Amino acid sequence: QRLLADLSQKLVGTETLHEFLRKMALQVKHAHEHGELFNELLHCRFVGPPGTGKTTAARKLGELFKAMGLLSRGHVHEVDPITGFGSQFVSEYAQRVKAQFQQARGGVLFVDEAYQLAEQEQGRLILHQIVQTLTSQGFNDTVVILAGYRDKMNDLMVVNSGLGRRIPHEIVFPPFSVEDLLKLLWQVLNVRGYVVHGADRKPVTAALRSRFEALIVAPDFGNAASVISLVNEVIGRQNQRVQATGAADARRILPEDISAETANASNVGELLGRFEQDFIGLADMKRRIQAVVDDVRVAMVLGCSKPRAPRLLFLGNPGTGKTTVARELGRILKALGCTVSDRCVETRGTELKGSFVGHSKDRVLKAFQDARGGVLIVDEAYSLASGSWQSDSFAVEAIDTLVGQLLLPANEQTVVILAGYPEPMARFLESNPGLASRFPDEVSFPDYTAEECLEILQRQLDRTERDNGLPLTADGVKSRLLGAIEDFRSRPAFGNAREMENLLARIRQARNHRVANLPQEQIRVQAGLVPADVFGGIESWRKRPSTT
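Residues numbered from 1 in each chain as written. Predicted model: local features only at pLDDT ≥ 70, side-chain atom pairs only at ≥ 80, totals over all residues. Heavy atoms only, no water.

**Let's talk about helix α3 (residues 54-67)**
Then, in step 1: The terminal C-alpha atoms of α3, which comprises 14 residues, lie 20 Å apart, in line with the 20 Å expected from a rise of 1.5 Å per residue.
Then, in step 2: Along α3, the positions that sit buried rather than exposed are K54, A57, A58, K60, L61, G62, L64 and F65.
Then, in step 3: The positive-phi residue at the C-terminal boundary of α3 is G69, with phi of around 85°. (Helix = DSSP H or I, 4+ residues; strand = E, 2+ residues; numbered from the N terminus. Expected span 1.5 Å × (residues − 1). Buried < 20%, exposed > 50% of the residue type's maximum accessible area, 1.4 Å probe, protein only.)

Given below as structure tokens:
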């Protein structure tokens, strides 16, 4: 009972483990009181991500089973699944497996990342020997625990049909919640002798909660390992503060020691101002983005927790700024505190569709994992549903997985944007009511006018030709440019801002052709753009097909 209580206190978030051990304790007690033989198989599968306490639990389990009289020694012998059991000679596998069992006799044989045994022929042969040894009479006094990621451990169980019967108990170690992380952190700080006074408790907890909310969505989140890293960071910052200020209480943790990221109103205002200035035209788009920011800002002030990140449709032709706006929106929402990262992951509908069963699901899951806590923008999402897509199992799998990911609490702080042409997007959503209801907000990106295109071109020119710039409003230049742009805008698939990049490249080529044969020192002198370069670039640009 003492060991069970100690385990319950020290291992957080492991309810299935505690329930399993309570059940075993009751069965052992019942068998002892009635003079019966306890013959329950105790071998287990510990499934969960790294840092959730699987190795620690294995050690405690050995102590518990010894206290219950089920093991004679209760020690834990840890074995690498490949190097510990394997050999360059297949004939030695049985001998190596038996040797490891001999060292674990009377205790626990713990094999972490055991799923590696299913990934190659050598491992599968080793697994067969492990199953055979489990059934032999000499090792009734030994408990085997195989540990690893849940999905990979499921694959392991399929490889050998006898494994499930021999190792019947699955103990789930879920990723730590924010509350689990806080509980563990208080334990670690207490063990290390640091304290948080009553008046500081609330702001320190709020700051820690903010840090953990950012950590749990990171791809490299390590659960308990991440807690230890944060504790070391906090203590390091606390020590620096104490040394710098000469604070009397050298073990006291203050809110500033946590350094939590919070919404910075001045930074948000600066980002919004730059957003307004950097994007030419697009007045309706700016109003819609401002409305999204306003909704998030008010929800965060009035609510008790972070609001869900927006789900948006960005509708418009190529070159109208959809992807660039997505990146800027990510920075603004992170500054507000709605998201934990300004990372923007860009993909296309065709890139989410796989070529075999399960492939589409893996691709969609990876996209969400990479973008978690930031922004995921799927360009031309409707390419998933081209033709008679309902009979395309790979497309259906991708769309179903996409909808499923939108519903997960883990993705509530991930901005998801579907982008593309308005008409194909409308048809796509009409055929997917479940998806359409998840994206209630549309943001329109109309084509730029000729005047706006000219301003974009001038900005591009100012950025790249600072010392040799040519005012595009010069006599004769502006009218020729506007005429050429108007002509190109009437063509199918006009590329908007991208076309201005193409035009600038043609203007530079005309300049380069003009000065290429001059002496080197004259090239530097004559490299400034002149109206003739613009006119030559326009003629060259007119002759090429428009951007698609």
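There is more to say after this.
**Structural notes on the packing of helix α8 (residues 178-191) against helix α10 (residues 224-245)**
Then, in step 1: Running from N to C, α8 and α10 cross one another at 50°; their axes reach a closest spacing of 10 Å. In terms of orientation, α8 lies oblique with respect to α10. Judged by the sense of rotation from one axis to the other, the crossing of α8 with α10 is right-handed. Between α8 and α10, the residues in contact are L181, L184, L185, V188 and L189 and A224, V227, I228, L230, V231 and I235, respectively.
Then, in step 2: In terms of residue class, the contact of α8 with α10 is made up of 11 nonpolar, no polar and no charged. (Axes fitted to C-alpha atoms, helices over the stretch in contact; angles between N-to-C directions. Parallel < 35°, antiparallel > 145°, perpendicular 65-115°, else oblique. Left-handed = near helix turned anticlockwise from the far one by under 90°. Contact = heavy atoms within 4.5 Å. Nonpolar A, V, L, I, M, F, W, Y, C, P; charged D, E, K, R; others polar.)

**Quick word on the pattern of salt bridges**
Then, in step 1: Tallied over the entire structure, the rule returns 24 salt bridges.
Then, in step 2: Residue D257 pairs with R241 through a salt bridge whose shortest N-O separation is 2.8 Å. Residue D257 is found in the loop between α10 and α11 (265-278), and its partner R241 is found in helix α10; the two are separated by 16 residues along the sequence.
Then, in step 3: Using a relative accessible area of 1% as the deciding quantity, one classes D257 as buried.
Then, in step 4: R241 gets classed as buried once you look at its relative accessible area, which sits at 16%.
Then, in step 5: Notably, a salt bridge pairs E486 with R489, separated by 3.6 Å at the nearest N-O pair. Taken together, the residues span about one helical turn, with E486 and R489 both in helix α20 (residues 477-489) at a distance of three residues. (Salt bridge = Lys/Arg side-chain N within 4 Å of Asp/Glu carboxyl O.)

**With respect to the sheet that holds strand β9 (residues 415-420)**
Then, in step 1: Taken in spatial order, the five strands make up an open sheet running β7-β8-β9-β6-β10, and their pairing is parallel. The open sheet has two free edges, formed respectively by β7 (344-348) and β10 (441-445), since each of these has just one partner strand. Strand after strand, the sheet turns through a mean of 20° between neighbouring axes, direction not considered.
Then, in step 2: Here helix α13 (residues 322-336) sits on the sheet in contact with β6 (311-316), β7, β8 (375-379), β9 and β10, set at roughly 150° to β6.
Then, in step 3: Running over the sheet, helix α17 (residues 422-430) touches β6 and β9 and is turned about 140° from β6. (Pairing = 2+ DSSP bridges.)

**Here we look at the packing of aromatic side chains**
Then, in step 1: The full count for this structure, using the stated rule, is six aromatic pairs.
Then, in step 2: Ring geometry for F314 versus F445: centroids 5.0 Å apart, planes at 50°, classification tilted. Residue F314 is found in strand β6, and its partner F445 is found in strand β10; the two are separated by 131 residues along the sequence. Across the pair, F445 and F314 agree in class, each one buried.
Then, in step 3: In this structure, R201 is placed above the aromatic ring of W186, and the distance from its NZ or CZ to the ring centre is 3.8 Å.
Then, in step 4: Between the NZ or CZ atom of R480 and the centre of the ring of F535, over which it lies, the distance is 4.2 Å. (Phe/Tyr/Trp six-rings, centres within 6.5 Å; stacked < 30°, edge-to-face > 60°. Lys NZ or Arg CZ within 6 Å of the ring centre and 35° of its normal.)

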